[in-house]
Each structure stands twice: as structure tokens, then as C-alpha cells.
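# Structure at a glance
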Amino acid sequence: MSKLHLVFGGRVADPMTLDFNDLESIHIVGIFPDYKSAEKAWRAAAQRTVDDAEMKYVVVHLHRLVQPDLMAPGPGAGAE
């Protein structure tokens, strides 16, 4: 399976969160086949809006959503 990555952004209420103000106006940059190309697209989109503190772009690892078992367990996982 390809390790697909989605890059999108929009206006947020608080730059420290991912609470987007208007989901209908989300800017979808695209879906990319690897992290390197997604990061390049993310940097370009973020740079265009660098002076607007309320605009935020993110990279989402789509392959982790489709196949969560591919994610490595974090520290302390399974230590209940």
C-alpha cells in the first residue's frame, strides 16, 4: 500500500489547535505519495500565508487512518 499523505489548511480559531473556523472553506492542497512531497507542498502553502497567524496547514498520514496497525506502538503501549 502507498503511504498517502493529505495536505490541507484553513482559518483556525486558535493557532495552537486544529479547530478550523469554516469547514466549507478548507483549502485542499492535495494528496501526495510520500511524506517528502507532502512536506514540500505543506511548506509552500504555509509560506504563502506566513503573515496570517489564523491560517494553518497540516499534513495528514492517510495510510495511518486506513491501516492503523502500521503505526508503531508508542512508549508504554500495552502496559495496562
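Preceding this section is the structure that the text describes.
In what follows, the accompanying structure is described.

## Description of the pattern of salt bridges
Tallying each qualifying case throughout the model produces three salt bridges. For Glu54, the salt bridge is made with Arg11, and the minimal N-O distance between the two is 3.3 Å. On the criterion of sequence distance, the pair formed by Glu54 in the loop between helix H1 (35–48) and strand E3 (55–61) and Arg11 in strand E1 (residues 5–11) is long-range, its members being 43 residues apart. Connected through shared salt-bridge partners, Arg11, Asp52 and Glu54 make up one network.

## Section: the sheet that holds E3
One open sheet holds the three strands; their spatial order is E2-E1-E3, and the pairing between them is antiparallel. Only two strands of the sheet have a single neighbouring strand rather than two, namely strand E2 (27–32) and E3. Taking each pair of neighbouring strands and ignoring which way they run, the sheet shows an average axis angle of 15°. For E1 and E2, the ladder comprises five bridges, and the chain directions are antiparallel. By the bridge assignment, Gly9 is partnered in E2 with His27. Where H1 meets the sheet, it contacts E1, E2 and E3, and its direction lies at approximately 170° from that of E3.

## Quick word on the side chain of His5
Looking at the secondary structure, you find His5 in strand E1. Not counting the four nearest positions on each side in its chain, His5 is found in contact with Gly30, Ile31, Phe32, Pro33, Asp34, Tyr35, Ala38, Val59, Val60, His61, Leu62 and His63.

## Thoughts on the environment of Ala45
Structurally, the position occupied by Ala45 is in helix H1. Assessed through its relative accessible area of 0%, Ala45 is described here as buried. Beyond its immediate chain neighbours, meaning those up to four positions away, Ala45 contacts Val29 and Tyr57.

## Comments concerning H1
Counted at 1.5 Å a residue, the expected span for H1 with its 14 residues is 20 Å, and the 20 Å between its end C-alpha atoms agrees. Among the residues making up H1, those that are buried are Ala38, Ala41 and Ala45. Along H1, the residues classed as buried sweep out an arc of 65° about the axis, all on the same side. Along H1, the residues that are exposed and aim more than 90 degrees away from the buried face are Lys36, Lys40, Arg43 and Gln47. The secondary structure elements touched by the buried residues of H1 are E1, E2 and E3.

About the cut-offs
Residues numbered from 1 in each chain as written. Predicted model: local features only at pLDDT ≥ 70, side-chain atom pairs only at ≥ 80, totals over all residues. Heavy atoms only, no water. Salt bridge = Lys/Arg side-chain N within 4 Å of Asp/Glu carboxyl O. Helix = DSSP H or I, 4+ residues; strand = E, 2+ residues; numbered from the N terminus. Pairing = 2+ DSSP bridges. Axes fitted to C-alpha atoms, helices over the stretch in contact; angles between N-to-C directions. Contact = heavy atoms within 4.5 Å. Buried < 20%, exposed > 50% of the residue type's maximum accessible area, 1.4 Å probe, protein only. Expected span 1.5 Å × (residues − 1). Arc of directions from axis to C-beta.

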